[in-house]
Every structure is written in structure tokens, then in C-alpha cells.
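# Residue-level structural notes
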Amino acid sequence: MASEARDMVACCPGVPGVARDVVASRPGVALLPRGAGEPRGRRRCQDAASAGAAACASGAEGPAQPRVLVPPRSAGGPRDWTLDPDGDWYQRWLSAAALPVLYNWVVIVCRCGGQLAGLWLGLDWASDGLYLLDMGLRLHTGFLEDGVLVRDRGRTRRHYLRSPAFRWDAASLVPLALLCPASAGPAARANRCLRAPRLLEALERWETRTARPNALRLARLMLLALLAIHWHACLYFALSARLGLGTDAWVCPNATRPLRRYLHSFYFSTLVLATVGDTPTPRRKEEFLFATAGFLLAVLGFAAVTGSVASVIANVSAADAAFYPNPAPVLRYLRARGVGGRLARRVTRWHRHLRAQRKPPAEREALRHLPRGLRAEVAASVHLPALRRVELFRGWEGGVLRQLVPRLRPQVFGPGEVVCRRGDVGREMYFVREGRLAVLADDGVTRLAVLGEGLYFGEISLINIRGNTAGNRRTADIVSIGYSDLFCLTKEDLAEVLAEFPHARAALEAKGRRLLLCTGKLDAGAEAAAAEAERRARALEGALGGLQARAARLLAQLEAGAHKLARRVQRLEERLRDGRGGPPRKGGAAAEP
Ligand SMILES: Nc1nc2c(ncn2[C@@H]2O[C@@H]3COP(=O)(O)O[C@H]3[C@H]2O)c(=O)[nH]1
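Bear in mind that the values here come from a model prediction, so they are computed numbers and not experimental data.

## What about the site of the ligand?
- The ligand sits among 15 residues. The nearest are G458, E459, S461, R474 and T475.
- Contacts to the ligand include G458, whose backbone N or O atom sits 2.9 Å from an oxygen atom.
- In isolation the ligand exposes 470 Å². Once the protein is present, 92% of that is buried.
- The biggest single contributor to the shell around the ligand is strand β7 (residues 447-451), with three residues.
- Taken together, the residues that form the shell around the ligand break down as nine nonpolar, four polar and two charged.

Here's what the structure looks like:
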């Protein structure tokens, strides 16, 4: 495996980086780490020399040597270890890295009300440690280049160090309290909030990975709203402390317990930011300014929150609509046309059945964004078990059925709906996935048969059965007894499938002939005449083939004779010219055949 992979690298001399990463992604292939600041050319030469076969080392002539030789690392040496940014471990780490960011965003503003000590200092140190660890791991996080995951440690390190993210991360860890001893309170650690993009990245990734993105979106919205209220509460408390706790009705009361003070501030801020507005009237200038700013912010925030919640709700409905059609337009149309009552109820019931039984009719629509191969795989994994139960397909290979699945269209018929009407031109056939259907005799009442799961119908009018008096028209009415879940296959798709699988055609024909015979729709005379006509046509075809071959042979002989004659005439003309204008050519007559 390793030698195979190295051969691949040797074949890609023009793309060393890519080739190297391709090899790195193969199991069992170890790579020498490329020195971070080392020039590329020199490194390549070293690689080649260590392989002991490079032309640049030996100076030997011969076939062109590959420009990049990547020897396997000696057993027991250190291995490249990088995080895959799409992998589970990266996601786990990102979740852990988001916690100190959230901690800082919550706690920093609390320092407005005075310095925190004890346990808080320990938590500060822990959060700084996690910040550092996060930077260390980002040095070892792979990245995509031309669609290929780069795992080379030197390159991942350079990639991070040169990215703007590194500058922000480094800025967020600057010890402001040490550099500027005058900074106190929240200012001493304000730069820790610069890691916010990491928290947002974690939230976004959770959203793409969860099966309930809308619930997560709502949770994120709630988190941001709570954070905003918390900040407002802390600022309100800081202002109250500055103006004097409990000095008027607007400021925070001078409660003895800190929790009580915080709860009052939080309640006050919730009233302001939720635009409830039932707060005491401000008395002082600072109070007026703070309250006005709060109300203005609340108006903006409220609009943003309402908009986001509306979009989440719209998304939930849109996600449902992607699978299930909306009955409202049909019902409105029926009402506008003055048709309602029974028909409208049937339409409503049909839509309700689809949702209740989780049978999305717009399956193709939902899958249309996927590439063809993946779409076929998804459809196969959903429908293959049902398809295997169809008697016609029993014994067919999985691969063949997989090819068939994308051609099948699921359809659901309600009770009493006519699936095939006698006398109509047949355009598709059906396979019963679930439900029961009645085959009605010519009187439209008598049931000839009841079709259930795994059976098929509607094939007689599609395949040309000799002696079928109905031709390409339906031979019977087929009515759905309850709700029937069917697979539909068009005439063209059926023709393609039957061209590839003649034994399936034989099975369909045999069953169709039997049914036609039972129902008296097979004209024996016409069948014999058709067979005779077919035999004659085949004989004529054979004779025509023979005639064509003979004609081609004669044509070839004719062409050869004409060519010979033309050459002879040309020679005679040349001899005539030579006899007039100069001495006769030596041996000219003797050479004439
Ligand atoms: N089981 C059964 N099926 C029938 C009978 N008559 C017609 N059909 C099916 O009903 C279908 C009606 O449309 P087609 O004529 O295309 O094909 C027909 C057959 O598949 C019958 O007597 N028994």
C-alpha cells in the first residue's frame, strides 16, 4: 500500500503539495515533516537523497527521476498528528473551546460591580489556559486546499499563523492587567471577549450537525437574549451603585444579599429589553440617559428577535412543505370554481393521509440537489426492501434493482380512485407497495381480482402482446380500495428495462397472455396471423440481408473492373503520345498486360 501511494506521488511531480497530502491521507504511509522555514527545493533534494535513488545525488543518467520522493519514516518515529476540521474530534474540541468564551462574556461585565476574587480568579486562569490550548490545537488543525485536506504539520502551522484568526486569538490573550496596571475592573480582561468568533463557530457547527436545527436556532436566540439582559443588568447595577443603592425608586435597592441585588437588576433589565416598560420613572440625569438608551436598544433588539423567531417558524413550515404539498391552493381553487363538498373533503383527506403516514409525494424534489449517484443511493436505500417484495423482481440482482429505483415514481391513491380506466391508452405500469386494488370486469362492478402488496398491473397495454384485441389500451378498470401506495414506471422506462432483461419481458408477456385468454381478449386467429407475419418478416429480413451482401460484392467487382479499364485507357493514351512526339519507350508494349 505504501509503495503504491509513493508511486502515485512520483506520478504527480508538478503538484508536490497535493501529492504529499494524498499520500498522507493513505493509511500506513508515513511522511517526513517538512521544515517550517526551510526552502522547498532544498528539502526535496534532501528527501531524494535520503531515498538513496535520486538522480541529483548520484548524477547518474537514465529515465527522468520523480521530482518529489517521499521516503517512509523510520518505524517508531513521531507521526504527524492533525485534527480534521470536519471530524467529530474537532467538533468536540470546539464545543469545549466555546465554554471559556461564554464564561468571559458572562463574567467580564460582572466586574463593573466590583472586583471578583477567590474562585473567580481560579476560573479566570482556567479559561486562559483553555484559550492557550485552543491556539495550540489550531496549529494542528488541517485545512482544505484545492479540495484536498492538508495534514502536513508545517503547513497547518503556517496556515494558522498567517490567518487573521491568529491575530485575534493572540490579541485576546494579551495580559492587559500586567501591561497596563491602571486598567481595572472589566477593562483588565475585556480583550478576552475577542474570542467571540470561536463561540459563534461552535454554534454554527452544532446547527449544521443537529437533526433539529430550528430548535438550536431558537436556543441560540435565547442565549443571546439572556446575555444581553445580563449585560444590561450588570450595567444597571453598576450605575445604581455609583448613584447610591436604594437612594430613589429607580436605582437598585440596597439589599444585603448579592443574589437579591442581581435578581432585581435582571428583572429590571428584562422589563426594559422586552419592551414591557413597567419600570419606575427616572429622577436623575444619568437615570434618564440610561433608561432612554435601554429603551432604544430594546426596540432594535425586539425587532431583531421577532424577525428571527418568525424566520425560524417559517423555516419549520418550509421544511415540512419541502416534503408535503400544501392543500390550501387546491381547496381555494375548488372554492373559486364553485366545486367543493365531497371533492374538497377527498383532497383534504388525501393530504392528511400523506402527513399522517409520512409518505412524502415530492420525494424527487427533496433529493434533486444531490449528485446523481448519491441520489440513486439514497432512493435505493429507501425503496429497495419494498422493491424486493415485488414478484417480478424476485431473484434480480441488487445492482439491477438499484438502477431501476431512480426510474420509479411513488404515487398514493385514495379510496375509490381509479388508477387505470378501461379503454385509456396505457402510459405507465404500477407495482403495489402497500394497499389493495380491485380489478373490475367490463360491467364495472364485478371484481375479477384483488391486487395486494408485491403485485403489479398495467403492463398489458404497454407491451405488444400478439393477438391482444385491445392493442395499447387498458383492458380493465383498476380501483384503489383503501389508500394504495404504488410505484409507477413509465412506458419508455419499462421498454429500456425490458431491452436489458429479456427474461422479464418473457414473464410479463406470459402473464399478460394468460390474463387476456381468461378475459377473452386474446384473438387466437389474430395471434397466429401475427406470428406468421412475424415469421415472414423475419424470413424477409434474412433474405434482404443476403441480397444486400451479394449486391455489395457485385458493386465491389464492378468498381475494380472500372478501375482496371481506366488504367488501361490511360496507358494506351500515353503510348500514342510517345509514338507521335518521340522514340517509343523501352519495353513499353511488352509491359502492357
Ligand atoms: N389480476 C388480474 N389483473 C388483470 C386482469 N385483467 C386486467 N388486469 C390488469 O389490469 C390492467 C389494466 O391495464 P392494462 O390492460 O395495461 O393491464 C392490465 C392488467 O395488468 C385480471 O383478470 N386479473
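Let us keep going from here.
## Details of the UniProt feature "transmembrane region" (unreviewed entry) in the protein chain
- Residues annotated by UniProt as "transmembrane region" (unreviewed entry) correspond here to residues 218-239 and 288-314.
- End C-alpha atoms of residues 218-239 are separated by 32 Å, and the span's content is 100% helix alongside 0% strand.

## Looking at helix α6 (residues 119-139)
- For α6, which comprises 21 residues, the first-to-last C-alpha distance of 31 Å matches the rise-based estimate of 30 Å (1.5 Å per residue) to within 8%.
- For α6, the complete set of buried residues consists of D124, S127, D128, Y131, D134, M135, L137 and R138.
- Where α6 is buried, its residues contact α5 (88-107), α7 (153-162), α8 (164-172) and α10 (196-209).

## Quick notes on the nonpolar core
- If you look at the biggest cluster of nonpolar residues, it comprises 30 residues, and the most contacted ones within it are L387, F393, W396, F431 and L494.
- Residue assignment for this core shows that the elements contributing at least two residues are α17 (372-388), α18 (398-404), β5 (428-434), β10 (484-490), α19 (491-500) and α20 (502-518).
- For this core, the leading source of residues is α17, giving four residues.
- Among residues more than four places away in sequence, those in contact with L494 are M429, L462, I463, L489 and L508.

## Considering the packing of aromatic side chains
- Going through the model one piece at a time under the given rule, you end up with 11 aromatic pairs.
- Centre to centre, the rings of F413 and Y430 are 6.2 Å apart; their planes meet at 85°, and the pair counts as edge-to-face. Within this pair, whereas F413 is found in strand β3 (residues 409-413), its partner Y430 is found in strand β5, the two being separated by 17 residues in sequence. In terms of burial, F413 and Y430 fall into one category: buried.
- Both rings, one in Y430 and one in F457, keep their centres 5.3 Å apart while their planes meet at 20°; by these two values the pair is stacked. Highlighted residues: Y430 in strand β5 and F457 in strand β8 (residues 456-457), separated in sequence by 27 residues.

## A look at the sheet that holds β7
- Across the sheet, which stays open at both edges, the four strands sit in the order β4-β9-β6-β7 with antiparallel pairing between neighbours. The two strands at the open ends of the sheet, each matched to only one other strand, are β4 (418-420) and β7. The mean inter-strand angle of the sheet, taken between neighbouring strand axes irrespective of direction, is 30°.
- Relative to strand β9 (residues 477-480), β4 is paired through two bridges, and the arrangement is antiparallel. Bridged to C420 within β9 is I478.

Reading the values: rules and limits
Residues numbered from 1 in each chain as written. Predicted model: local features only at pLDDT ≥ 70, side-chain atom pairs only at ≥ 80, totals over all residues. Heavy atoms only, no water. Near = heavy atom within 4 Å. Polar contact = N/O pair within 3.5 Å; in protein donor to acceptor, adjacent residues only side chain to side chain. Areas by Shrake-Rupley, 256 points an atom, 1.4 Å probe, with all protein chains shown as cover. Helix = DSSP H or I, 4+ residues; strand = E, 2+ residues; numbered from the N terminus. Nonpolar A, V, L, I, M, F, W, Y, C, P; charged D, E, K, R; others polar. UniProt positions renumbered as here; feature names shortened; annotations may be inferred. Expected span 1.5 Å × (residues − 1). Buried < 20%, exposed > 50% of the residue type's maximum accessible area, 1.4 Å probe, protein only. Contact = heavy atoms within 4.5 Å. Core = buried A, V, L, I, M, F, W, Y, C linked by side-chain atoms within 4.5 Å. Phe/Tyr/Trp six-rings, centres within 6.5 Å; stacked < 30°, edge-to-face > 60°. Pairing = 2+ DSSP bridges. Axes fitted to C-alpha atoms, helices over the stretch in contact; angles between N-to-C directions.

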